[in-house]
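Each chain, written out:
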Amino acid sequence: MEKVLYHYKAKVVEVYDGDTCTIDIDLGLHTWIKGEKVRLNRINAPELKGTERTKGLKSRDYLRSLILDKEIFIETIKDKKEKYGRYLGEIWLEDDKGNFVNVNDVLVKNGFAKYQKY
């Protein structure tokens, strides 16, 4: 089955944990979707509850430092939601040199999440 990717400009308005955030999506032509929850695709970050809490808080805070209140690009696959009603997405952030960096991969590279298949 072919994957269909969608790309949108968006602004991150909240970071819940190391792999979930809330964004406002710019659909173009002055049309926005506000308050959409997104689960970062392909990765899993420590939880905010239980034995993982300390690592979970560090992961959340690191993700906040990267994307909170910033303009990003979100890439979704088939615009499909997962079992908790969140879109699965890849978050792309433009660096100061004009290159795009995949935030999902940055979290793993820096030890704040692990790759996981769903």
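Everything below is about the structure shown above.
Quantities reported herein were computed from a predicted structural model and do not represent experimental measurements. (Residues numbered from 1 in each chain as written. Predicted model: local features only at pLDDT ≥ 70, side-chain atom pairs only at ≥ 80, totals over all residues. Heavy atoms only, no water.)

1. With respect to the nonpolar core
Thought 1: Cys 21, Ile 23, Ile 67, Ile 72, Ile 74, Ile 91 and Val 103 are the most contacted members of the largest nonpolar core, which has 23 residues in total.
Thought 2: At the level of secondary structure, the elements contributing two or more residues to this core comprise strand S1 (5-17), strand S2 (20-28), strand S3 (31-40), helix H1 (53-67), strand S5 (71-81), strand S6 (87-94) and helix H2 (103-109).
Thought 3: What Ile 67 contacts, discounting residues up to four positions off in sequence, is Val 12, Val 15, Cys 21, Ile 72, Ile 91, Leu 93 and Val 103. (Core = buried A, V, L, I, M, F, W, Y, C linked by side-chain atoms within 4.5 Å. Buried < 20%, exposed > 50% of the residue type's maximum accessible area, 1.4 Å probe, protein only. Helix = DSSP H or I, 4+ residues; strand = E, 2+ residues; numbered from the N terminus. Contact = heavy atoms within 4.5 Å.)

2. Some words on H1
Thought 1: In this model, H1 (15 residues) spans 21 Å end to end at C-alpha, consistent with the 21 Å of a helix rising 1.5 Å per residue.
Thought 2: Those residues of H1 lying buried are Gly 56, Ser 59, Arg 60, Leu 63, Leu 66 and Ile 67. One side of H1 holds all its buried residues, which, seen down the axis, span an arc of 125°. Residues of H1 that are exposed and point more than 90 degrees away from the buried face comprise Thr 54 and Lys 58.
Thought 3: Of the residues one or two after H1, Asp 69 is the one with positive phi, at around 65°. (Expected span 1.5 Å × (residues − 1). Arc of directions from axis to C-beta.)

3. Comments concerning the environment of Thr 76
Thought 1: For Thr 76, the position within the fold is in strand S5.
Thought 2: Exposure remark for Thr 76: the relative accessible area of 5% places this residue in the buried category.
Thought 3: For the pair formed by Thr 76 and Thr 20, sequence separation is 56 residues and the distance between their alpha carbons is 14 Å.

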